[in-house]
Amino acid sequence: MTQFLRSARAMACTLLLFPVLAQGAQSATALSAQSAAPRTASAAQGVNVSLTLRNSSTMVQTVSFGRSSAQECATAPHVRVLRVGSREVVYPAGEPRFCTQELRSESVPAQGSVTLSRTLNLPAGEYMIEVWAKGFLNDEMVFIPADPLRVSVK
């Protein structure tokens, strides 16, 4: 009988918690990302990489991004640059830094989008750029990846 009561309590707790977990999951999946950059760029001007977050829900979604010590203290979008042919990681390079812990918040309108961008200084070469946003949505950590981009820097 005691085992039955423990199982019943566990089931009741699971049922009570499930709507909260499901709501968080729906919010995170309501956001998707698309990356963009010019196919050919100049080393002198840098490569402008953008990430567009799209909200497919009927509610405004507010996402907060912190500064990343591995990304030279930049907020979203985060990137990783690989040299084509060797898979050598070109960016981020060097040691992590100490960054301020401020958060940047972006409100993504219902059925709308918001675009985040940054400029990368890369030497001449062929690169694959992985782009993503990592932050907080409804007090839950989210990771929103986009498709990688191939860029030629001259």
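Residues numbered from 1 in each chain as written. Predicted model: local features only at pLDDT ≥ 70, side-chain atom pairs only at ≥ 80, totals over all residues. Heavy atoms only, no water.

**Q** I tried to follow the pairing of strand β9 (residues 125–137) on my own but got confused; where do I start?
**A** Looking down a regular strand, the side chains alternate between one sheet face and the other. The pairing of strand β4 (residues 61–66) with β9 spans 2 bridges and is antiparallel. Bridge assignment links V63 to a residue of β9, and that residue is L137. Both strand β5 (residues 78–83) and β9 contribute to a ladder of 6 bridges, which runs antiparallel. By the bridge assignment for β9, H78 is matched with W132. Across 6 bridges, β9 lies against strand β10 (residues 140–145) in antiparallel orientation. In the strand pairing of β10, W132 is matched with P145. Counted between consecutive antiparallel strands, the loop separating β9 from β10 contains 2 residues, among which N138 sits at a positive phi close to 55°. (Pairing = 2+ DSSP bridges. Helix = DSSP H or I, 4+ residues; strand = E, 2+ residues; numbered from the N terminus.)

**Q** What is the right way to look at the pattern of salt bridges in this model?
**A** Should the charged atoms of two oppositely charged side chains come close, the side chains can pair. The tally for this structure, following the rule as stated, stands at 6 salt bridges. A salt bridge links E102 to R67, with the shortest nitrogen-to-oxygen separation between them at 3.3 Å. Of this pair, E102 sits in the loop between β6 (89–91) and β7 (103–108) while R67 sits in the loop between β4 and β5; the two residues are 35 residues apart in sequence, bridging distant segments of the chain. R67 sits in the partly exposed class, given a relative accessible area of 33%. Where E106 meets R104, a salt bridge forms, and the shortest distance between an N and an O atom there is 3.2 Å. Look at R104 and you get partly exposed, because its relative accessible area is 28%. Through salt bridges with shared partners, one network takes in R39, E126 and R150. (Salt bridge = Lys/Arg side-chain N within 4 Å of Asp/Glu carboxyl O. Buried < 20%, exposed > 50% of the residue type's maximum accessible area, 1.4 Å probe, protein only.)

Keep in mind these numbers describe shape, not what the thing actually does.
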